[in-house]
Amino acid sequence: MKHLTLRFRAVQTAAILGGISLLVAACGNTTSTTSGLATKQVLKFPVYQSAGTFDPGEADAEVDTEIMQNVFSNLWKFDDKLNLVPDLATDVPSSSNNGVSSDGLTYTVHLKQNVKFNNGDSFSSKDVLYSWNRAAALQGAYASNLSAIAGFDAVQKAAGAPPSSKNSAGVTSFRQTLENKLASNDPSLQMSGLSAPDANTVKITLANPCGWCLTAWSLQGSTGSIVNQKAVQTDPENWWSKVVTPGQEGGMVGTGPFYMSAYTAKQSLTFKSVSNWWGSPKPTLTEVDIAIHDPSAIAGDVTAWEQGSYDLIGYGGNSGNLTYPLIQGIKGNSRFANQLITQPKGRTTWLSFNVGYPSTGGPFVGESAAAKGLRKAFALAVDKNDLAKTVCHDVQCSAATGGLITKGLIGYLGDNADPLAKFDPTQAKSLLQQYDPTGKLTANLKYSYNTGGLNDPVASYLQNAWQTNLGVKVNLDPSSDASQFISNRLSGKYVMARDGWQFDYNHPQDWYDNLWGYLATASGANTSGFDDPTYDSVLKQADQQPISQALSEYNQLAKILSDDVVYIPLYYSVANFAIRSYLKGAGSNTQADFYWNEISIQSH
Amino acid sequence: MLTRGTLIYIGQRLVLILFTVLMVSFGVFYVVHLLPGNAFVSDRVHGRALQLLLHQYGLDLPIPVQYWNWLKGIFLHGSLGVSLYIRGLPITPLVLRELSVSAMLGGAALIITIGLGVTFGVLAAVRQNSWVDYLLTSIAVVGYSVPSFVIASLGILIFGQWLNNVTNGGIYYPEPWTGTYGTLAELSLPALALGFYTSGQITRITRAAMLDVIQQDYIRTARAKGLVNRVVILRHALRNALVPVTSILGPTVIGIITGSVVIENIFGIPGLGKEFVESIFQHDYNVTVGVFTIYAVLIGFANLGVDLVYTVVDPRIRY
């Protein structure tokens, strides 16, 4: 009996000691160093979409590039205030530092000499040539960022179309063929405008002067990013999904401050900081753990964030996922209210009129006074401020009153500067009476949109606004399949449709070229079918000039679009982040999350 | 011991499974490729970039040619192809991992189904016309009358909302699945929701079979020999009563496999069922077809397994 009692006491003591050590372990984050930093520098957050690809030559989604910007570097990058600053290059080329020739056609780029890839390889000018030639040959969605470089078209032509016989098990693929050619320095895949006079200099020659190129080449996680040839060649199809293992070839190798150390598709991603990274600031975080969740899990994630399981929510291109009730919940909790960070997001949503597809467009097609008048009637009948208040509660969006380019970006026209943002139901009604007195033209109109997010309440709001202010019943045409909706819109199969754009880089060219310009028309992206020779000619001229000279011409384009009533401005998106107060350096600008190497976890 | 007849039977069934899988996979392959939209198109990907991607993944080929290429990948390389949504990612490891998650859930649900069903059925029969019988029979009626998604939703409401403070998340916590196989707490409610429906059917059948068996002469003889009731029920009555139960094991397993599509989506469990639905919305054709094909194989083998179990439970059955 005595023996049993002693044994029980021993077990009890062990349990108490175990409990204490568990408590100590659980409170690991609260242990601080003398500098105020938490001992454990592991950042944890959820994302709500799997990576499509982390290959800079092909990436086309913000959810991917937000992560890639911490692994790959460009020659230049945007700082937290969206200023262009040197990254792999020693400076930003300009005519004053002799980086840009007087005719604006040649850029001389000097590279930093201490740069290393995170597999230990040294970085040189050859890596820039390889990465950019490869990106041009891959012909991804952002290959056009390099299109001004001499020889770009020839490389795309030489690369040809990918074979359709590929599979995952050994058939020589398009990418494999490209890699073989690039490895052998096949001249057909070398842009003639790209050369490397020495290991630390790159010379870029353009076919035409280009005022927007420098910003486009600096777009994070995209065609201007530098990849490691050796790593890509180990598995041209899937190198980006492989982890980097010290001492082994291959994996998602970049020159950034973090590398991918674990990846379970559709489940989780882990990144570790590169020890002795060449850049600045040196990463304080040692690890970043990302959980890939279904969007429906966000309510549970907010609870987990409040309980400390996650440090932030909204990073990785997910700043629009917090719903209004969740935002209100955080705001209403005195402990967390100041940890909700609201930030304008560089995305504008508008309504596109079908102005260029007569067979499918309805009464808004064309440039007749009646078509324009009706477009304007529908635009003036919508109270944009009330829409932002009703639909977004002035939390998830703000009224788009300063033109198509979002507030805070180059090209923003100024508050209330867009005449189409006005709300004038009297004039709207009068225009409708003038151009459609019988109501025949505006009978059976449809507004098409993809469901989800704010799109449904916005559609209902518009329907009510037109019914109330114009007396016109517009039918809603929702599509639960976004890809089908976008396909229809791109091919002009709509009358009025939800439309929008999230800027890539801070330059008006990103908007005016990609949406209504000759490039958009040529690539099938001009959804409204708007086609105006004056617009194209002003655009071409503006694109070739430095932004300081081109801005007035871009503003002229804005005027052409609003005069023609191609769109109805609706709202600017607002990003919402839940960021625990012990995170220093975390946040976002209108374009992207702040870089991970700027973040540190304070003791808490 | 497998007899020659049994081996021939297994061979015939394997051929039948292969034929069924081919038919099912082609049907699904054809239908999903007819759906409007595709995995690539977006505000950024259109025009030439879109055409190149479609061409690269062979999606501009005639559907029979695409199917033939897909079949070649399976038979020559053991590959279900690559994902279109996560571009180029081989999907075989992905779906195998998800299969293991679904198997975990399905296995737990099967234990609940058989465990609850047989226990309730035996107790109800042994205590026939008592309050125990009425209670258990009523639970069984509720079980097979209420669809699993209703049980799941009620479970979330009760344990995730109303009793969350009481259980402290011990039964259900509205957090995403935390690991490859989840935790017992995460698994308990989904498995119950998935298994409860069929456990009601098993309760009914077990009860009826037990009532039939315990009135047989050999049971009376066993009791006359002085055996205690527990031994009589468990050793002599239950085994014979399980023969009709075995006959519905096939449909039960199939019900659990197909039911997991709904349950995994309700609870956010990263198994095959959730993947199946997601892949349809994402136009990730290879994943959809791969998952459906795996389902067809599983159902084929589940039926075969049940047929073989018959011979063990009832030695009179020969193939």
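Every chain begins its residue count from 1, and numbering advances along the sequence as written. Lettering for chains starts from A, numbering for ligands starts from 1, and both go in the order in which the items are written. Local features in this predicted model are restricted to residues whose pLDDT is 70 or higher, and side-chain atom pairs enter the listing and the counts only when it is 80 or higher, whereas totals over whole chains, interfaces and linings include all residues.

K.L.:
Residue-level account of the packing of helix α11 (residues 384-392) of chain A against helix α13 (residues 455-470) of chain A, with values.
P.N.:
Residue and element names in this part refer to chain A. One can describe the packing of α11 onto α13 by two numbers: an axis separation of 10 Å at closest approach and a directional angle of 135°. By the angle class used here, α11 and α13 are oblique. α11 and α13 meet at a crossing whose hand is right-handed. Contact residues: Leu 387, Thr 390 and Val 391 in α11; Pro 457, Val 458 and Tyr 461 in α13. Angles here are taken between N-to-C directions and fall from 0 to 180 degrees, while the axes themselves are lines fitted to C-alpha atoms, restricted in helices to the stretch in contact. For helices the rule is a DSSP run of H or I covering at least 4 residues; for strands it is a run of E covering at least 2, with both sets numbered from the N terminus onward. Should an angle fall under 35 degrees it is taken as roughly parallel, and over 145 as roughly antiparallel, whereas 65 to 115 is taken as roughly perpendicular and any remaining angle as oblique. For any pair of crossing helices, the crossing counts as left-handed if the nearer helix is rotated counterclockwise from the farther one by less than a right angle, and right-handed if it is rotated clockwise. Contact between residues is assigned whenever the C-beta positions, reconstructed from backbone atoms, fall within 7 Å.

K.L.:
Lay out the sheet that holds strand β7 (residues 258-264) of chain A with the relevant residues and their values.
P.N.:
Residue and element names in this part refer to chain A. Strand pairing requires that DSSP identify at least two bridges connecting the strands. In space, the four strands of this open sheet follow the order β1-β9-β8-β7, with mixed pairing throughout. Sheet topology places β1 (42-47) and β7 at the edges, where each strand pairs with a single neighbour. Strand-to-strand twist across the sheet, computed as the mean angle between neighbouring axes with direction ignored, equals 20°.

K.L.:
So what's going on with helix α4 (residues 152-159) of chain A? Residues and values would help.
P.N.:
Quick reminder: α-helices carry 3.6 residues per turn. Residues three or four places apart thus point the same way. Residues and elements named next belong to chain A. Looking only at α4, the buried set comprises Phe 152, Val 155, Gln 156 and Ala 159. What you see down the axis of α4 is that its buried residues fit within an arc of 100°, all on one side. Structurally, α4 contributes buried residues whose contacts are with α3 (125-138) and α5 (174-183). Gly 160, located one to two residues past α4, shows a positive phi value of around 70°. Neighbour density around each residue's C-beta defines its exposure: 20 or more other C-beta atoms within 10 Å make it buried, 12 or fewer make it exposed, and counts between make it partly exposed, where C-beta atoms are placed from the backbone. It is the directions from the helix axis to the C-beta atoms that the arc portrays.

K.L.:
I'd love a proper account of the confidence of the model for chain A, names of residues and values included.
P.N.:
All names here are of chain A. A residue's pLDDT is simply how confident the predictor is in it, with values from 0 to 100. Predicted confidence across chain A gives a mean pLDDT of 91, with 93% of residues reaching 70 or more. Across residues 1-8, confidence stays below pLDDT 50; counting only partners more than four residues off in sequence or on other chains, it has zero contacts. A low-confidence stretch, residues 165-171 stays under pLDDT 50, and its non-local contacts, those more than four residues away or across chains, total 18 contacts.

K.L.:
Requested: an account of the interface of chain A and chain B, with residues and values cited.
P.N.:
One widely used convention gives an interface's size as the accessible area the parts lose upon coming together. Between chain A and chain B, the residue contacts involve 44 residues of the former and 37 residues of the latter. For the side of chain A that touches chain B, the secondary structure elements donating two or more residues are α8 (298-306) and α14 (482-490) of chain A. It is α14 of chain A that contributes the most residues to the side of chain A that touches chain B, five residues altogether. Throughout, the ten residues Ala, Val, Leu, Ile, Met, Phe, Trp, Tyr, Cys and Pro are labelled nonpolar, Asp, Glu, Lys and Arg are labelled charged, and all others, Gly among them, are labelled polar. Split into classes, the residues belonging to the side of chain A that touches chain B amount to 15 nonpolar, 21 polar and eight charged.

K.L.:
Could you give me a rundown of the confidence of the model for chain B, with the residues and numbers involved?
P.N.:
Averaged over all residues, the pLDDT of chain B equals 88, while 96% of them reach at least 70. Scored by ipTM, the complex comes to 0.84, with pTM at 0.87.

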